[in-house]
Amino acid sequence: PLTLEEVRMLVELFYLPYHHGALAQELLEHFRWLRANSLSVGVPPTAPDACGGTRWRGRAQCFQLLCSRTCRLHSRLVSTAGRALLYDLHPYLWDIRNLLLAASAFVLWLGCQSITAPILLGRDAEPWARRGGLFGELQALLPVGNSCDLFYHPPPLFPSSQLYLLRPLLPLDKVGATAWRGCSEVSQGLQAQLSHAPALPGRLLGSFLSLSPEYTFVLEDEGGPCGYAAGALHAEGFLQQRDSSWLPAIRHKYPPDLGTGGSALGQDALEEAVLFFHAEPLAVPQPVLRRFPSLVQLGTAPRVLDVGASRSLALCLLSALRANGSRGVFCQVSDADRQQLSFYSKLG
């Protein structure tokens, strides 16, 4: 059963509409301070002394632990609470968990980037754009907090106790792309030959990992990587660089006849990936680039049934882009790719 400490956490998260319990107050104070003082950290550190960066990272670690405790509380409630109590409380705790997944990843991202301009929050939102309580105050602290459509979605009919971790791409990931290979293979349902497998994640994420790794996030569950979100702040320059330098190098690495000599296992998928590299990408119309200057791409493995985790992926990526000045995003999807069309439709 739930412990007394877990019940206390639950009460403190939803204490009163305009008066927070200790846990909720601590979450808000850490998040406000970390966002306001994010210019003191970066890789390399931008602070004139090391104390500012050390203090920031200490508070960031405290915030991460509080977020992890809250996510674990959600999992424990689903696993142990009676059905009547669970269905009464789950929508509220599920909302908080999703928002804290995104906020936690955003704070980690702030610690990895050197932001040289103030974080943009946009105009003041109408009162109806945010709900009350802890959720509304956390929402207001994210750079996309005024985009109310991103935050209003019904909870799942069947609650899941699955624990998720959402984080930015780390330098270690780029050294060993095994995690990304596993994620992209699973998300496509492909069982390609291991010797040629890098061509497959290259199709999904290669250009982003090479040209815009600072806007790449990974979703993990207990089975490992299960989702990704990638973006390019200045899509026009990104696409030009992709077509002029990245694609020619990839085409040289994976010649057109690569997929014709392997065994039947995964050969169709390999041939499709190679053909993708050698096809000329469609040009993006200038009116689209002017109105939506940033490019995004997201995906999850079939085992991720909780749309809340997918929305958290979108929230942290859009927050990172908005923090650096983006005023709109677009994604490119083939009209024949029903899986991706369905995925983006569920995100709204």
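Looking at an unreviewed UniProt entry, the chain carries the name OGA GlcNAcase, with the source organism given as Rhadina sibilatrix.

Turning our eyes to something else, we now look at the overall build of the chain. The helix and strand inventory of the chain stands at 13 helices and five strands. When the 348 residues of the chain are sorted by exposure, 48% land in the buried category. The contacts of the chain with a sequence gap of at least 6 include a subset with a gap of at least 24, amounting to 74%. Put simply, the chain shows about 17,400 Å² of open surface, and 59% of that area lies on carbon and sulfur atoms.

The next thing to look at is the pairing of strand β3 (residues 224-232). The side chains of a regular strand alternate, first on one face of the sheet and then on the other. Of all the nine residues making up β3, eight are buried; the element is thus mostly covered by neighbouring parts of the structure. Where strand β2 (residues 216-221) and β3 come together, six bridges link them in antiparallel fashion. In the strand pairing of β3, Val 218 is matched with Tyr 228. Between β2 and β3, which pair antiparallel in sequence order, lie two residues. Sheet analysis places β3 next to strand β4 (residues 294-300), joined by six bridges and oriented antiparallel. Of the residues in β4, the one forming a bridge with Gly 227 is Thr 300.

With that out of the way, let us pick up helix α1 (residues 4-13). For α1, the complete set of buried residues consists of Glu 6, Met 9, Leu 10, Glu 12 and Leu 13. Buried residues of α1 fall within an arc of 165 degrees about the axis and therefore sit on the same side.

Below, the discussion takes up helix α5 (residues 133-141). Buried residues of α5: Leu 134, Phe 135, Gly 136, Leu 138, Gln 139 and Leu 141, and no others. Those residues of α5 that are buried are in contact with α1, α2 (22-36) and α4 (83-112).

Before going further, it helps to spend a moment on empty space enclosed by the protein. Tallied over the full model, the rule gives one cavity of 30 Å³ or more. Estimates place the volume of the largest cavity at around 60 Å³. If you go around the largest cavity, the residues you meet are Asp 95, Asn 98, Leu 99, Phe 135, Leu 150, Phe 151, His 153, Gly 308, Arg 311, Ser 312 and Leu 315. Counting residues per element, the ones that place at least two in the lining of the largest cavity are α4 and α12 (307-323). The dominant element in the lining of the largest cavity, judged by the number of residues it contributes, is α12, at four residues. For the lining of the largest cavity, a count of residues per class yields five nonpolar, four polar and two charged. Counting contributing residues per domain, the lining of the largest cavity is built from domain 1 (1-151) and domain 2 (162-347), each supplying no fewer than three.

Moving on: the packing of α1 against α2. Direction vectors running N to C along α1 and α2 enclose 60 degrees, while the axes themselves pass 6 Å from each other. By the angle between their axes, α1 is oblique relative to α2. Taken together, the residues of α2 that come into contact with α1 (itself represented by Met 9, Glu 12 and Leu 13) are Ala 22, Leu 23, Ala 24 and Leu 27. Across the contact of α1 with α2, the residue classes tally to six nonpolar, no polar and one charged.

The next point concerns the environment of Thr 70. Structurally, Thr 70 can be placed in helix α3 (residues 50-80). Residues Thr 70 and Glu 6 lie 64 residues apart in sequence; the distance between their C-alpha atoms is 9.2 Å. If we ignore the near neighbours within four places in the chain, the residues touching Thr 70 are Met 9, Leu 13, Leu 23, Leu 27, Ile 96 and Leu 100. Within the structure, the side chain of Thr 70 is placed 2.9 Å from the backbone oxygen of Leu 66, a separation counted as a polar contact.

This brings us to a nonpolar patch on the surface. A contiguous nonpolar patch, built from Val 7, Val 11, Tyr 15 and Leu 16 and spanning about 350 Å² of accessible area, is present on the exposed surface. Mapped onto the secondary structure, Leu 16 falls in the loop between α1 and α2. We classify Leu 16 as partly exposed; its relative accessible area is 49%.

Turning our eyes to something else, we now look at the packing of aromatic side chains. A complete count under the given rule lists seven aromatic pairs for this structure. Note on Phe 14 and Tyr 92: the rings are 6.3 Å apart at their centroids and 65 degrees apart in plane angle, and the pair reads as edge-to-face. Here the residue Phe 14 occupies a position in the loop between α1 and α2, and Tyr 92 occupies one in helix α4, the gap between them amounting to 78 residues. With a relative accessible area of 52%, Tyr 92 lands in the exposed category. Between Phe 106 and Trp 109, the ring centres sit 5.8 Å apart and the planes meet at 20 degrees, which makes this aromatic pair stacked. Of the two residues, Phe 106 and Trp 109 are both situated in helix α4; the distance of three residues between them amounts to about one turn of the helix. Overall, Trp 109 belongs to the buried group, its relative accessible area being 1%.

About the cut-offs
- Residues numbered from 1 in each chain as written.
- Predicted model: local features only at pLDDT ≥ 70, side-chain atom pairs only at ≥ 80, totals over all residues.
- Heavy atoms only, no water.
- Helix = DSSP H or I, 4+ residues; strand = E, 2+ residues; numbered from the N terminus.
- Buried < 20%, exposed > 50% of the residue type's maximum accessible area, 1.4 Å probe, protein only.
- Contact = heavy atoms within 4.5 Å.
- Areas by Shrake-Rupley, 256 points an atom, 1.4 Å probe, with all protein chains shown as cover.
- Pairing = 2+ DSSP bridges.
- Arc of directions from axis to C-beta.
- 1 Å grid on protein atoms, 1.4 Å probe; cavity = no way out; pocket = protein on both sides within 12 Å on 5 of 7 lines; lining within 4 Å.
- Points joined across faces, edges and corners; volume = space filled by probe spheres on them.
- Nonpolar A, V, L, I, M, F, W, Y, C, P; charged D, E, K, R; others polar.
- Domains from an automatic or database assignment.
- Axes fitted to C-alpha atoms, helices over the stretch in contact; angles between N-to-C directions.
- Parallel < 35°, antiparallel > 145°, perpendicular 65-115°, else oblique.
- Polar contact = N/O pair within 3.5 Å; in protein donor to acceptor, adjacent residues only side chain to side chain.
- Patch = residues over 30% accessible without salt bridge, like charges linked within 9 Å, V, L, I, M, F, W, Y side chains within 5 Å.
- Salt bridge = Lys/Arg side-chain N within 4 Å of Asp/Glu carboxyl O.
- Phe/Tyr/Trp six-rings, centres within 6.5 Å; stacked < 30°, edge-to-face > 60°.

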